[in-house]
Amino acid sequence: MEGSNSQFDLIVIGAGVMGSSTAYQAAKQGLRTLLLEQFDFLHHRGSSHGESRTIRATYPQYHYYPLVIESYNLWQQAEAQVGYKVYFKAHHFDMAPSDDPTILAVIDNCRKHGIPHQILHRDQVAEQFSGRIDIPENWVGLSNEHGGVIKPTKAVAMFQTLAYNHGAVLKDNTEVTDIKKEDKEGVVVFTANGETFRGKKCVVTVGAWVNKLVKRISGFELPIQPLEVHVCYWRIKEGHEGKFSIGNDFPTFACSGKVYVYGTPALEYPGLIKVAVHGGNPCDPDKRKWGPTVMMDELKEWVEGRFLGMVHSTEPVVKQSCMYSMTPDEDFVIDFLGGEFGKDVVLGAGFSGHGFKMAPVIGKILTELVVDGETKEVDMKHFSIGRFKIAS
């Protein structure tokens, strides 16, 4: 393996799903690529581990739909190259009070993008899902075919395997402590173990650690807040297990309102359904409290009310901890770091608990920014650093 002072076209810092996807895209284009990870590969301390992530196209923001649709195709292309599945198809179901601004924006975007969908009221929901989901009379539901489940740890491993197969160098347990601008061109990356690496370009995808690294190298303080969040699995009552499995037409789902609840069909744990709250407690990623789940009482009430008593709602039987990196507007940060680094350092951060599904296209965008200095995938104004007032 290449050691200190090795020269690369691209150094990717952070080997979660975004960094691993970027390394794959870059290596596939022939760039001499190095992927660095501060912990073990596939560790459970960040935002890219676990058993399932939802993929859905229904967003209140207009600009995400094209990214999700391309990601569906890119997930399947990567699966075909590696030879195993990480994406499992399902329909998706959104629900909320009928006057909720989020569901109204989702419906409006379905119409604008021409997404085939069904708007359902209580009796229609019961009929559509054979009595497995119930919503109050003053709620509305929206069903469409663009749902599904991604296996996250397996997906990260897939991108790392493909990156390696295309010639990328992968190195874990290598904490980056600093990035310096080279006198002529490119950057030098310094690590805690004393190694240095030189690259023409650098992509930073370090998740919840982004504020610490960016402030150290540039003095900028980004408004990205790490949250400790929990995923909960609930036991399906005996005799009903098959009704909630992914192969039995049960959808991925999301519910907006006072509490944003989301979940996936039974897949990773037989007889258990994932239902969780989109939210958590602010944390320091290096000093996690591993604390309690937020809004547990509201979540228990939701499980009891939506599944007509077919799922035990007294307590989740499995809880897993994860982290979000939240921006104030919950849009991503995909941009050049700027300053003395100009376009040599590209930042992918602030994915706010909903970016995993778009990892294939985000890796593609970050690689395009490295190679071409621009991307045609999306209007970058939505993701620019410049939309924030950056403290330094």
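Residues numbered from 1 in each chain as written. Predicted model: local features only at pLDDT ≥ 70, side-chain atom pairs only at ≥ 80, totals over all residues. Heavy atoms only, no water.

1. Observations concerning the overall build of the protein chain
Secondary structure summary: the protein chain contains 8 helices and 18 strands in total. Here the C-alpha radius of gyration of the protein chain, 21 Å, is about what a compact globule of 392 residues would show, namely 21 Å. When the backbone C-alpha atoms are referred to their principal axes, the protein chain occupies close to 70 × 40 × 40 Å. Buried positions account for 57% of the 392 residues belonging to the protein chain. In the protein chain, the proportion of contacts linking residues at least 24 apart, taken out of those at least 6 apart, comes to 73%. By element, 49% of the accessible surface of the protein chain is carried by carbon and sulfur atoms, the whole surface being about 16,000 Å². (Helix = DSSP H or I, 4+ residues; strand = E, 2+ residues; numbered from the N terminus. Rg over C-alpha atoms; globule rule 2.2 N^0.38 Å. Buried < 20%, exposed > 50% of the residue type's maximum accessible area, 1.4 Å probe, protein only. Contact = heavy atoms within 4.5 Å. Areas by Shrake-Rupley, 256 points an atom, 1.4 Å probe, with all protein chains shown as cover.)

2. A word on the environment of Lys357
Structurally, Lys357 is set in the loop between strand 18 (345-349) and helix 8 (359-372). Linking Lys357 and Pro66, residues 291 residues apart in sequence, is a C-alpha distance of 12 Å. Leave out the neighbours within four places in its chain, and Lys357 touches Thr54, Ile55, Arg56, Tyr59, Val68, Ser71 and Trp75. Only 3.0 Å separates the side chain of Lys357 from the side chain of Tyr59, close enough to count as a polar contact. (Polar contact = N/O pair within 3.5 Å; in protein donor to acceptor, adjacent residues only side chain to side chain.)

3. Some words on unusual backbone geometry
Of note in the backbone geometry, Met295 takes a positive phi value of approximately 55° without being a glycine. Residue placement: Met295 occurs in the loop between strand 15 (281-282) and helix 7 (296-306). Using a relative accessible area of 40% as the deciding quantity, one classes Met295 as partly exposed. Non-glycine residue Leu308 carries a positive phi angle of around 50°. In this structure, Leu308 sits in the loop between helix 7 and strand 16 (318-326).

4. Focus: the pattern of salt bridges
According to the stated counting rule, one finds 19 salt bridges in the structure shown. Here Lys180 ties to Asp178 by a salt bridge, and the two come within 3.5 Å at their closest N and O atoms. Taken together, the salt bridges that share partners define one network made up of Glu70, Lys364 and Glu377. (Salt bridge = Lys/Arg side-chain N within 4 Å of Asp/Glu carboxyl O.)

5. Observations regarding the environment of Leu35
Topologically, Leu35 is positioned in strand 2 (residues 33-36). The spatial distance from the C-alpha of Leu35 to the C-alpha of Val169 is 6.2 Å, given a sequence separation of 134 residues.

6. Section: the packing of helix 1 (residues 17-28) against helix 5 (residues 152-165)
Helix 5 packs onto helix 1 with a crossing angle of 25° between their chain directions and a minimal axis gap of 8 Å. The angle between the axes of helix 1 and helix 5 places the two elements in the roughly parallel class. The handedness of the crossing between helix 1 and helix 5 comes out as left-handed. For the pair helix 1 and helix 5, contact is made by Val17, Ser20, Ser21, Ala23, Tyr24 and Ala27 and by Val156, Phe159, Gln160, Leu162 and Ala163, respectively. Looking at the contact of helix 1 with helix 5 residue by residue, the classes come out as 8 nonpolar, 3 polar and no charged. (Axes fitted to C-alpha atoms, helices over the stretch in contact; angles between N-to-C directions. Parallel < 35°, antiparallel > 145°, perpendicular 65-115°, else oblique. Left-handed = near helix turned anticlockwise from the far one by under 90°. Nonpolar A, V, L, I, M, F, W, Y, C, P; charged D, E, K, R; others polar.)

7. Regarding the side chain of His146
Checked against the element boundaries, His146 lands in strand 6 (residues 139-150). Classification of His146 as buried rests on a relative accessible area of 15%. Non-local contacts of His146, meaning those with residues more than four positions away in its chain, are made with Ile55, Arg56, Ala57, Tyr65, Ile69, Tyr72, Ala90, His92 and Ile115.

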